[in-house]
Amino acid sequence: MFRINDVNGNTLTVNEIYEEGFDLTASKFLSKSIKRPKRDIIGDYLMNAKNKNYGEIVIPTGISSLDDALGGGLKNGLYVIGANPGMGKTSLMLHILANLATNKKTSLFFSLDMSDIQTAIRLMANTSYRFSDLDNMTINDLSNSKLLVEDEKLKEKVLEVYNTYTTSIDKYINILSIHTDALGKIDNSVCYIESVEMAIKNTIKYYKDNPVVVIDFLQMLQNKPVSTYKDENDGDVFLRSFDKRIEMDKIIEQLKKLSYVYKVPVIVITSTNRSSYTKVNNYNESPEYDIGFSKESGNIEYMADVLIRLTAGDNSINFGGPDQECVNLNIAKSRFGQAHVSIPLNFIPEYAFFSEVTDD
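Computed from a predicted structure; not experimentally measured.

Conventions adopted
Residues numbered from 1 in each chain as written. Predicted model: local features only at pLDDT ≥ 70, side-chain atom pairs only at ≥ 80, totals over all residues. Heavy atoms only, no water. Helix = DSSP H or I, 4+ residues; strand = E, 2+ residues; numbered from the N terminus. Buried < 20%, exposed > 50% of the residue type's maximum accessible area, 1.4 Å probe, protein only. Contact = heavy atoms within 4.5 Å. Salt bridge = Lys/Arg side-chain N within 4 Å of Asp/Glu carboxyl O. Expected span 1.5 Å × (residues − 1). Phe/Tyr/Trp six-rings, centres within 6.5 Å; stacked < 30°, edge-to-face > 60°.

Draft legend 1. Quick peek at the side chain of Asn76. If you trace the backbone, Asn76 turns up in the loop between helix H3 (64-69) and strand S3 (77-83). Using a relative accessible area of 10% as the deciding quantity, one classes Asn76 as buried. Not counting residues up to four positions away in its chain, the partners in contact with Asn76 are Glu56, Ser259, Tyr260, Lys263, Val264, Pro265 and Phe336.

Pasting the structure below:
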């Protein structure tokens, strides 16, 4: 028999309700979550529209064709970008963050796949190609520390790039990565989802700005272990689930909440499943628009506000300068702008630099 509880916690059957003339009114069964009067949602929005912290902020990425497809730029929400290895996912996000930095927009880059120096060198190479008064320094040029020490002229050129980088780009991008602490132990706390929230809160508090958050990459992120025990060497051993898919679903849900609670765009780079490596670039077979390309395909595709896949373009070109590759940004899902569109971009890997594809 189906039963229902009254406001005093007494259990009554359906028959007892009818026989006793029990009053089934809303006042007796109000939930704690719906006691307040109905809100005028649109009215609240219009009244507070002038408050910049109330309405939705749109942040241009600096790539006009992408901004057009996204409805103006980045908004509060969860963005997922995936690609096969070596397609330029990280370089694309660093290029966009450098674009934001030139407009004095703060960002957090969780570099879980590379060291902090590897990430910074890519940003410096991007900077050298971005500013016309600087000598172009490739990632390889900046990575050769021995050559920098031995060649004074090269060192001077690098210092010029470094000075521009620190004043124009670096001060607005906070790179967080795995590192060694003061005791020489590996500190990988940056990989915890809890650290992401703490970094967002601190940035809002100290910089008075809601940052753009980029996580490279999703599969390296994890929940902080809740239980430990000591092994025979008195070392901490963490007890945690080994079901990566369940863990990823939970992390995606948490990232989604962070994006709306703190009003920040959260962009996660994800590795793709191996079945997507062999798919051809044909719209009818939908590899660019396949929402199941992520490695742990589960809630990712449903929770994401925007889902983008980066694929190879038609060819590479060289007009007397550095080699350019053509890549396509394929928007498989978008709650803010256009979906099922493909945006071609020129990509120069040695500078981690992207540019628009024009008729010229």
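Draft legend 2. Structural view of the pattern of salt bridges. The tally for this structure, following the rule as stated, stands at four salt bridges. When the shortest N-O distance is used, the salt bridge between Lys257 and Glu253 registers 3.3 Å. Of the two residues, Lys257 and Glu253 are both situated in helix H10 (residues 244-261); the distance of four residues between them amounts to about one turn of the helix. Glu253 gets classed as partly exposed once you look at its relative accessible area, which sits at 33%. Note that Arg335 is salt-bridged to Asp305, the shortest N-O span being 3.1 Å. Of this pair, Arg335 sits in the loop between strand S13 (324-334) and strand S14 (341-348) while Asp305 sits in the loop between helix H11 (300-303) and strand S12 (306-317); the two residues are 30 residues apart in sequence, bridging distant segments of the chain. On the accessibility criterion, Arg335 (47% relative accessible area) is partly exposed. In this structure Asp305 comes out as buried when scored by relative accessible area, which is 1%. Each of Lys256, Asp305 and Arg335 takes part in a single network of salt bridges with overlapping partners.

Draft legend 3. Fine view of helix H8 (residues 152-168). Over its 17 residues, H8 runs 24 Å from end to end, which matches the ideal 24 Å to within 8%, given 1.5 Å per residue. In this structure, the buried residues of H8 make contact with helix H5 (116-130), helix H6 (139-143), helix H7 (145-150) and strand S5 (173-177).

Draft legend 4. How the structure looks around the packing of aromatic side chains. Summed over the entire model, instances satisfying the criterion amount to four aromatic pairs. With a centroid separation of 4.7 Å and 25° between ring planes, the pair formed by Tyr129 and Tyr351 is classed as stacked. Placement of Tyr129 in helix H5 and of Tyr351 in the loop between S14 and strand S15 (353-356) is noted, with a sequence separation of 222 residues between them. Judged by its relative accessible area of 26%, Tyr129 falls in the partly exposed class. You can call Tyr351 buried: its relative accessible area is 8%. The interplanar angle of 10° and the centroid separation of 4.4 Å between the aromatic rings of Phe347 and Phe354 together place this pair among those described as stacked. There is no split in this pair, since Phe347 and Phe354 are both buried. Each residue in the set Tyr129, Tyr351 and Phe353 is aromatic and connected to the rest through ring pairs, giving one cluster.

Draft legend 5. Representation of the environment of Lys201 in the model. Its location among the elements puts Lys201 in helix H9 (residues 193-207). Along the chain, Lys201 and Pro211 lie ten residues apart, while their C-alpha atoms are 9.6 Å from each other.

Coordinates in, geometry out; function isn't part of it.
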